[in-house]
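Close look at the chain arrangement
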Amino acid sequence: MELPFAEPYKIKVVEPLRRSTREEREAWIRESSYNLFKLRSEQVFIDLLTDSGTSAMSHNQWSEIMLGDESYAGSSSFFKLKEVINNLLGLPLFVPTHQGRAAENLLFSAMLKKGDLVPGNAHFDTTKGHIEFRKATAVDCTIDEASDTSLYHPFKGNIDLGKLEQVFRNNPRKKIPLCLITITCNTSGGQPVSMKNIREVSNLCQKYGIPVFFDAARFAENAYFIKTREKEYAQKGIRDIVMEMFSCVDGATMSGKKDAIVNIGGFLACRDKVLFDRISMYCILYEGYLTYGGLAGRDLAAMAQGLLEGCEFDYLESRVRQVEYLGSLLRGYGVPIQEPTGGHAVFVDARKMLPHIPREEFQAQSLAVELYLEGGVRGVEIGALLADRDPASRENRYPRLELLRLAIPRRVYTSNHIEYVAACLGNIYERRDKIRSGLKIVKEAPIMRHFTVELERC
Ligand SMILES: *Cc1c(COP(=O)(O)O)cnc(C)c1O
């Protein structure tokens, strides 16, 4: 008999969870204006809001916390992290930042001006926020296959080279300071980018003299997909694949809260010394001195260790298999999901699940509220709320996909938790026709409204 799969770790510390009643949840979600960000964590049973900063550190990472060197300048923890970034990613220059968006802030402060374009594959919300805040435009060049949730494509994060070249041809070079490849592509469903596509994008950018950067938050999961889905890489080690990926780019922003498996941290790495000097100025201004960048020494040390653990094949296999497991259970219940499942999350297709609710009533957010009411499970809307309003017309933007994202924290939940979540959605699917109306906005912020928006039932 073939032995079943089992996690390559055991649990040393546990954190109690409490189940609530439906009546309690009805009151709590109403008090939270139907915005799941406003719930208190004790009001949530299983929290799949995000995999960002919510993962479980290993005992080796906790040891690094104790070894952290808190010197203001020249901390040994900084050099530990520097060695890992140099050896793992092959990027020579870097500054730590307090998280990924801070790295974006430094990069765009150094490179972007009003009216510029930043082409890439479905930019992450904070990335788009930083670009639009500077009156520049994020141009989505993702392949069309990504917006058909039922279509199987192994690399739905890929950039359409035709669309990208169109942007390069139709605009002066000086308006395109960089191209950004997000690995894996969070917005299109945690979907990976193939090595072939990374290389082709890099070559095209080189032809037009445009620097190319990674938004590298889930670079290790992307490398796992390259190994398991791109034939030529089946025999290669994760670290070799990672090295090859980064050899194609001029630099990267990184949220350590994802594949570096820490609760806080990030960095910005690059090759060009002139750019690095500009970045350094902004780092000191916004984050802190260059050897700590908004973090404690102990955070740098834990991130160095986490980067190495995040690239271990056995860990990545258990991580991606857990996501796949949730996907397969949902499929079994008939729940429509983005296929194939991504690296960090399962995305439920709310347009297919609740087709009778108008898009103006926020289908995916309505589904997120139903899931919370059903079992105290918190997911997050990736749809029209997140898409915000068009900066010029101030009209609501309706993206092609209305998704409910169920992001799975690393090394946190067991198979029983996963089965519980799937059963909740199975129940909702059964009674989907009885969900008659959605939500409307009562109050919203001018940018990145989804974090603070207040809603009520239609
Ligand atoms: C999380 C994330 C960011 C932002 O990082 P933070 O650490 O949350 O600031 C940027 N890009 C992608 C793809 C992400 O997933």
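Everything below is about the structure shown above.
Residues numbered from 1 in each chain as written. Predicted model: local features only at pLDDT ≥ 70, side-chain atom pairs only at ≥ 80, totals over all residues. Heavy atoms only, no water.

1. As for the side chain of threonine 142
Looking at the element boundaries, threonine 142 is found in the loop between strand S4 (137-140) and helix H6 (161-170). Reaching out from threonine 142, the side chain makes a polar contact with the side chain of aspartate 140 at a distance of 2.4 Å. Threonine 142 has contacts with Gly120, Asn121, Ala122, Lys156, Asn158, Asp160 and Lys163, leaving out every residue within four places of it along the chain. (Helix = DSSP H or I, 4+ residues; strand = E, 2+ residues; numbered from the N terminus. Polar contact = N/O pair within 3.5 Å; in protein donor to acceptor, adjacent residues only side chain to side chain. Contact = heavy atoms within 4.5 Å.)

2. Quick notes on the pattern of salt bridges
Opposite charge on two side chains makes pairing possible when the charged atoms of those side chains draw close. Considering all chains together, one arrives at 35 salt bridges under this definition. Of the charged contacts in the structure, one is a salt bridge between arginine 410 and aspartate 51, with a shortest N-O distance of 3.0 Å. Taken together, the residues span a long stretch of sequence, with arginine 410 in the loop between strand S12 (403-407) and helix H16 (415-430) and aspartate 51 in the loop between strand S1 (46-47) and helix H2 (59-67) at a distance of 359 residues. Aspartate 51 carries the same exposure label as arginine 410, and that label is buried. The structure contains a network of salt bridges with shared partners spanning Asp51, Arg218, Glu221, Asp259, Arg319 and Arg410. (Salt bridge = Lys/Arg side-chain N within 4 Å of Asp/Glu carboxyl O. Buried < 20%, exposed > 50% of the residue type's maximum accessible area, 1.4 Å probe, protein only.)

3. Looking at the site of the ligand
Residues in contact with the ligand amount to 15 residues; listed here are only the nearest, Gln99, Arg101, Asp215, Ser255 and Lys258. Interatomic distance of 2.8 Å between a side-chain N/O atom of glutamine 99 and an oxygen atom of the ligand. Aspartate 215 is positioned such that a nitrogen or oxygen atom in its side chain is 2.6 Å from a nitrogen atom of the ligand. Residue classes in the shell around the ligand are distributed as two nonpolar, seven polar and six charged. (Near = heavy atom within 4 Å. Nonpolar A, V, L, I, M, F, W, Y, C, P; charged D, E, K, R; others polar.)

4. Side note on the packing of aromatic side chains
Counted under the stated rule, the structure contains 13 aromatic pairs. These aromatic residues form a ring-pair network of at least three members: Phe78, Phe79, Phe94 and Phe267. Against the face of phenylalanine 124 rests lysine 258, its NZ or CZ located 5.3 Å from the ring centre. A cation sits over an aromatic face here: arginine 432 above tyrosine 429, 3.9 Å from the ring centre. (Phe/Tyr/Trp six-rings, centres within 6.5 Å; stacked < 30°, edge-to-face > 60°. Lys NZ or Arg CZ within 6 Å of the ring centre and 35° of its normal.)

5. Overview of helix H3 (residues 76-89)
The first and last C-alpha atoms of H3 sit 20 Å apart over 14 residues, in line with the 20 Å expected at 1.5 Å per residue. Within H3, the full set of buried residues consists of Ser77, Phe78, Leu81, Val84, Ile85, Leu88 and Leu89. Seen along its axis, H3 keeps its buried residues to an arc of 125°; they face one direction. Structurally, H3 contributes buried residues whose contacts are with H2, strand S2 (93-97), helix H8 (219-229), helix H9 (238-247), strand S8 (266-270) and helix H11 (297-310). Between the side-chain oxygen at the start of H3 and the backbone nitrogen of serine 77 there is a gap of 3.0 Å, and the oxygen is on serine 75. A positive phi of about 70° marks glycine 90, the residue just after H3. (Expected span 1.5 Å × (residues − 1). Arc of directions from axis to C-beta.)

6. Concerning the packing of H3 against H11
Each pair of packed helices can be described by the angle between their axes along with the distance between the axes. As a packed pair, H3 and H11 sit with axes 8 Å apart at the nearest point and diverge in direction by 25°. When the axes of H3 and H11 are compared, the pair comes out roughly parallel. Seen from above, H3 lies across H11 with left-handed handedness. Contact residues: H3 offers Ser77, Phe78, Lys80, Leu81, Val84, Ile85 and Leu88, while H11 offers Gly297, Leu300, Ala301, Met303, Ala304, Leu307 and Leu308. Across the contact of H3 with H11, the residue classes break down as 11 nonpolar, two polar and one charged. (Axes fitted to C-alpha atoms, helices over the stretch in contact; angles between N-to-C directions. Parallel < 35°, antiparallel > 145°, perpendicular 65-115°, else oblique. Left-handed = near helix turned anticlockwise from the far one by under 90°.)

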